[in-house]
Amino acid sequence: MTTKATSRSSIELENAQKSIDYVQGCYRSLIEEKQLCDVLGEEFVTRMTEWDSTVTKRMNEPFSLVILGDFKRGKSTIINAILGKQLAPVNAAPETFTINSISYGEESSITAVLKNGQRVELQKENLLRESLEEMMDKLPSKIDYVDIRDNAEILKEIRIVDTPGLSDISDLDQQVQEYLVNADAVIYVASALLPFSESEQMFLATHVQPQKFSRVYVLVNMVDALGSLTDVEKIINRVQGCCRQIIPNAMIYGISGIDEFRRKTGAPRADIKGFQEYYETEFFKFERSLRREIITQKDFLRVQRVLTMQELMVTDTMNRVDMIMDMSALDRQKLLDIMESFEKESAQLNAALEANRPKLTLSIAEMKQEAERWMYEFFTKLRVDILACRNEVEAEDVEAHFHSYLMDKVGEAYRKCIEAHQNRTDEILERMSRDL
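Numbers given for residues are sequential positions, taken from 1 along each chain in its written order. Residue-level local features of this predicted model are given only where pLDDT is at least 70; pairs of side-chain atoms are given and counted only at 80 or more, and the full residue set underlies all totals for whole chains, interfaces and linings. With hydrogens and water stripped out, all remaining heavy atoms of the structure feed into the side-chain values.

Student: Before we go on, may I ask you to explain the overall build of the protein in this structure?
Tutor: Under the scheme used here, helices are H or I runs from DSSP no shorter than 4 residues and strands are E runs no shorter than 2 residues, and both carry numbers assigned from the N terminus. When helices and strands are counted, the protein shows 12 helices and 9 strands. Relative to a compact globule of 436 residues, whose C-alpha radius of gyration would be 22 Å, the protein shows 45 Å and is clearly more extended. Dimensions along the principal axes, computed over C-alpha positions, put the protein at roughly 155 × 50 × 45 Å. A simple rule labels every residue: compare its accessible area, found with a 1.4 Å probe on the protein chains alone, to the largest value its type can have, and call it buried under 20%, exposed over 50%, or partly exposed in between. Counting across all 436 residues of the protein, residues that qualify as buried make up 39%. The contact criterion used throughout is that any non-hydrogen atoms of two residues lie within 4.5 Å. Of the contacts made within the protein by residues no fewer than 6 positions apart, 79% connect residues no fewer than 24 positions apart. Counting every atom, the protein has about 25,800 Å² of accessible surface; 53% of that belongs to carbon and sulfur. The positive count covers Lys and Arg only, the negative count covers Asp and Glu only, and His and the chain ends enter neither. Where a charge lies is defined by one atom per residue type, namely NZ (Lys), CZ (Arg), CG (Asp) and CD (Glu). Looking at charge distribution, the protein has the averaged site of its 55 positive side-chain charges lying 6 Å from that of its 73 negative ones. As a reference, a globule follows 2.2 Å times the number of residues to the power 0.38, and the radius of gyration itself is taken over C-alpha atoms. Each accessible area is a Shrake-Rupley result for a 1.4 Å probe, and residues are judged covered by the shown protein chains and nothing else.

Below you can see the structure in the form of C-alpha cells.
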C-alpha cells in the first residue's frame, strides 16, 4: 500500500512539474513575441521576466520556511528553540538587524553576503548588537543577508529565514516582502502581551493572505508571561477569531519560545504560573505539525507554491489582457463615433455642395455666353479695322503683317477674357466656401 502511495505521489509530482514547465515555456514564448510585448507594455513584460526568474529560483532553491512578525516578538528565540541551539542572534537592534538565512552545512559558518555580491566571513560574536553596528559601518556595501550554516538535523530538510521586525525600517520591509514572495511556508510570530495589533492584521491581510500559502503557522509567543491559563485561552481565542477573518487555514499555537529553548538546551526553567505543561505541549504539537505538514511534504508544498505563483501570474496576465481589450473596445467605440460623425458631416457637406452646383453651373453658362459675345464683338471690330485700313495700306503689306497682328489681338482678347472670368470664378467659389 505504501509503495503504491509513493508511486502515485511521484507521478503527481512529475505531472505537476510538467505543468510548471509548460506554463513557464508559454511565458517565455510570450516574452519573446515583440508585438505582444509592445501591446502589454514594457513594465508588464519586465514583471513577467521577474516571474520567470522567481519560478526558476523557487524550483532550484532549498525549501524555505520564513519567520515573520513585528519587532520584539521573539522570532529568533523560536528559531533557536526549533533548532535546539542558539544560531539566530536574539539581541540585535532594529537599526542593525539583518535577514538571516539558516541552512544546512557540514561545518558551522557565518557569512555576510553584501549587496555588491562580496562575502565577508563572520564569527558568532559579530552578530551581537555592538559588534554588528561597528562592523556594518566599515563594510564596503550594505549587508543583503547573513548566511548561517549549521549541521542541525532539521536543516537537512528545510532552510529557515529569520526576518527583521516589520515596520521598523522601510528598506528592510521591502527585503522582507521579497523573501516572502520566495517563501514556501510561513510562521508568523505574535506576542501574547500585545496580541494582533491593527498593523499586524493589515500585514497578514495585504502580504501573507494574497500569496495563498498552503501552510501558515501563527505562534502566539510569551504565553508564559500571562497571569493564568484562563488569560492564555482568552488571548488564543482572540487570535483565532482574527485569523478566521484573514487566513482561515492558519494553524495557531500558544507557546513560550524561551522556555522551549531552555528545555532543549538543559538550561534552568521557571514554572511559577502553574501552566508550563500547556505551552510545552503546544510547542510539541507545533513541531509535530511542522514535521508532518511541512518537512514530510515539502516537495508537494514547493510544487503547490510554484503552481500558486503561476496561477497568480496567469490571473495577473489575463487581467492585463482584459484591461487592454476593454481599452481597445472603448477606443473602437470612439473611432466608430468619430466615423459616424464624419460620415454625417460629409453627407451634409455633399448636400450643400450639390445645392450650390446649379449656381456654379449657371454662373459658368453666363460667363460662357459673355465670352461668346465678347469674341463676336472683338472679331466684328477687328473686321471693321481691317476694312478701314484696306485703302490706306498696300495689299502686300496687309498680307505680310496680318497673321502676326491677328495672333496678337486674338491672344490679348483671350487673356483678358480668361482673367476676367477667372476672377469672377474665384469670387463665386470663395463666397460658396464661406457659406459652407
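Once you've had a look at it, read on.
Student: Help me understand the pairing of strand 5 (residues 143–150) in this model?
Tutor: One face of the sheet, then the other: side chains in a regular strand alternate in exactly this way. Alignment of strand 2 (residues 100–104) against strand 5, held across 5 bridges, turns out to be parallel. Paired with isoleucine 102 across the two strands is isoleucine 148, which belongs to strand 5. Inspection of the sheet shows strand 3 (residues 109–114) paired to strand 5 by 6 bridges, in the antiparallel sense. Looking across to strand 5, one finds that leucine 114 is bridged to isoleucine 143. Criterion used throughout: strands pair if DSSP finds at least two bridges between them.

Student: Before we go on, may I ask you to explain the environment of arginine 119 in this structure?
Tutor: As for its placement among the helices and strands, arginine 119 is situated in strand 4 (residues 119–122). Accessibility expressed as a relative area gives 46% for arginine 119, which makes it partly exposed. Spatially, the C-alpha atoms of arginine 119 and alanine 185 are 27 Å apart, while their sequence positions differ by 66 residues. Discounting chain neighbours no more than four positions away, the residues touching arginine 119 are Thr111, Ala112, Val113, Tyr145 and Asp147. For the purposes of these results, a polar contact is taken to be a pair of N or O atoms within 3.5 Å, where, inside protein, one atom must be able to donate a hydrogen and its partner to accept one; residues adjacent in sequence count only when each atom of the pair is a side-chain atom. There is a polar contact of 3.1 Å between the side chain of arginine 119 and the side chain of aspartate 147.

Student: What is the right way to read the packing of aromatic side chains from this model?
Tutor: Centre-to-centre distance and the angle between the planes together describe a pair of aromatic rings. The rule is short: rings of Phe, Tyr and Trp, with Trp giving its six-membered ring, pair when the centres are within 6.5 Å, and they are stacked under 30 degrees, edge-to-face over 60, tilted in between. Taken as a whole and judged by the stated rule, the model has 10 aromatic pairs. Centroid distance tyrosine 217 to phenylalanine 286: 5.3 Å. Interplanar angle 85°. Geometry classified as edge-to-face. Of this pair, tyrosine 217 sits in strand 8 (residues 216–221) while phenylalanine 286 is found in helix 10 (residues 276–295), placing the two residues 69 residues apart along the sequence. Assigned by exposure class, tyrosine 217 and phenylalanine 286 land together as buried. Aromatic ring contacts, followed pair by pair, group Tyr217, Tyr253, Phe283 and Phe286 into a single cluster.

Student: I keep staring at helix 7 (residues 198–208) and nothing clicks. Help me out?
Tutor: Residues spaced three or four apart along an α-helix point in a common direction, a consequence of the helix completing one turn every 3.6 residues. Within the span of helix 7, buried status applies to Glu200, Phe203, Leu204 and Val208. Buried residues of helix 7 fall within an arc of 100° about the axis and therefore sit on the same side. For helix 7, exposure combined with an orientation more than 90 degrees from the buried face picks out Glu198 and Met202. To be clear, the arc concerns the directions from the helix axis to the C-beta atoms.

Student: Looking at this structure, how should I read the sheet that holds strand 8?
Tutor: Within a beta sheet, neighbouring strands are joined by backbone hydrogen bonds and run either parallel or antiparallel to one another. With mixed pairing, 9 strands are arranged side by side in an open sheet as 4-3-5-2-6-1-7-8-9. Unpaired on one side and paired on the other, strand 4 and strand 9 (251–254) mark the two borders of the sheet. In this sheet, neighbouring strand axes are inclined to one another by 20° on average, regardless of whether the strands run parallel or antiparallel. With 4 bridges joining them, strand 3 and strand 4 adopt antiparallel strand pairing. Bridge pairing in strand 4 links alanine 112 to valine 120. Across the sheet, helix 4 (residues 75–83) touches strand 1 (64–68), strand 2, strand 6 (159–162), strand 7 (185–191) and strand 8, and the angle it forms with strand 6 is around 160°. Helix axes are fitted only over the stretch in contact, all axes being lines through C-alpha atoms; the angle between N-to-C directions runs from 0 to 180 degrees. Here helix 8 (residues 229–246) sits on the sheet and contacts strand 8 and strand 9; the angle it forms with strand 9, its principal contact strand, is near 165°.

Student: Could you clarify how one ought to interpret the nonpolar core in this entry?
Tutor: Within soluble globular proteins, side chains that are nonpolar generally end up buried alongside one another. With 43 residues, the main nonpolar core has Ile82, Leu83, Ile102, Ile160, Ile187, Phe286 and Ile294 as its most contacted residues. In contact with isoleucine 82, other than residues within four places in its own chain, are Ile154, Ile160, Ile187, Lys264, Phe283, Phe286, Glu287 and Leu290. The next biggest cluster of nonpolar side chains, apart from the first, holds 35 residues, and it includes Val176, Val208, Val220 and Cys243. Residues grouped as a nonpolar core are buried Ala, Val, Leu, Ile, Met, Phe, Trp, Tyr and Cys residues, joined through side-chain atoms within 4.5 Å.

Student: Looking at this model, I keep getting lost on the pattern of salt bridges. Mind explaining?
Tutor: Pairing between side chains of opposite charge can happen when the charged atoms of each approach one another. One speaks of a salt bridge when a side-chain nitrogen belonging to Lys or Arg is within 4 Å of a carboxyl oxygen belonging to Asp or Glu. Tallied over the entire structure, the rule returns 21 salt bridges. Its salt-bridge partner being arginine 269, residue glutamate 280 comes within 3.0 Å of it at the nearest N-O pair. Within this pair, whereas glutamate 280 is found in helix 10, its partner arginine 269 is found in the loop between helix 9 (257–265) and helix 10, the two being separated by 11 residues in sequence. Here arginine 434 ties to glutamate 430 by a salt bridge, and the two come within 3.6 Å at their closest N and O atoms. A residue pair is termed a helical-turn pair when its members lie 3 or 4 positions apart in one helix, as arginine 434 and glutamate 430 do in helix 12 (residues 395–435) at 4 residues. Accessibility expressed as a relative area gives 59% for arginine 434, which makes it exposed. One salt-bridge network, in which partners are shared between bridges, spans Asp70, Arg73 and Glu200.

All quantities given are derived from atomic positions and should not be read as evidence of function.
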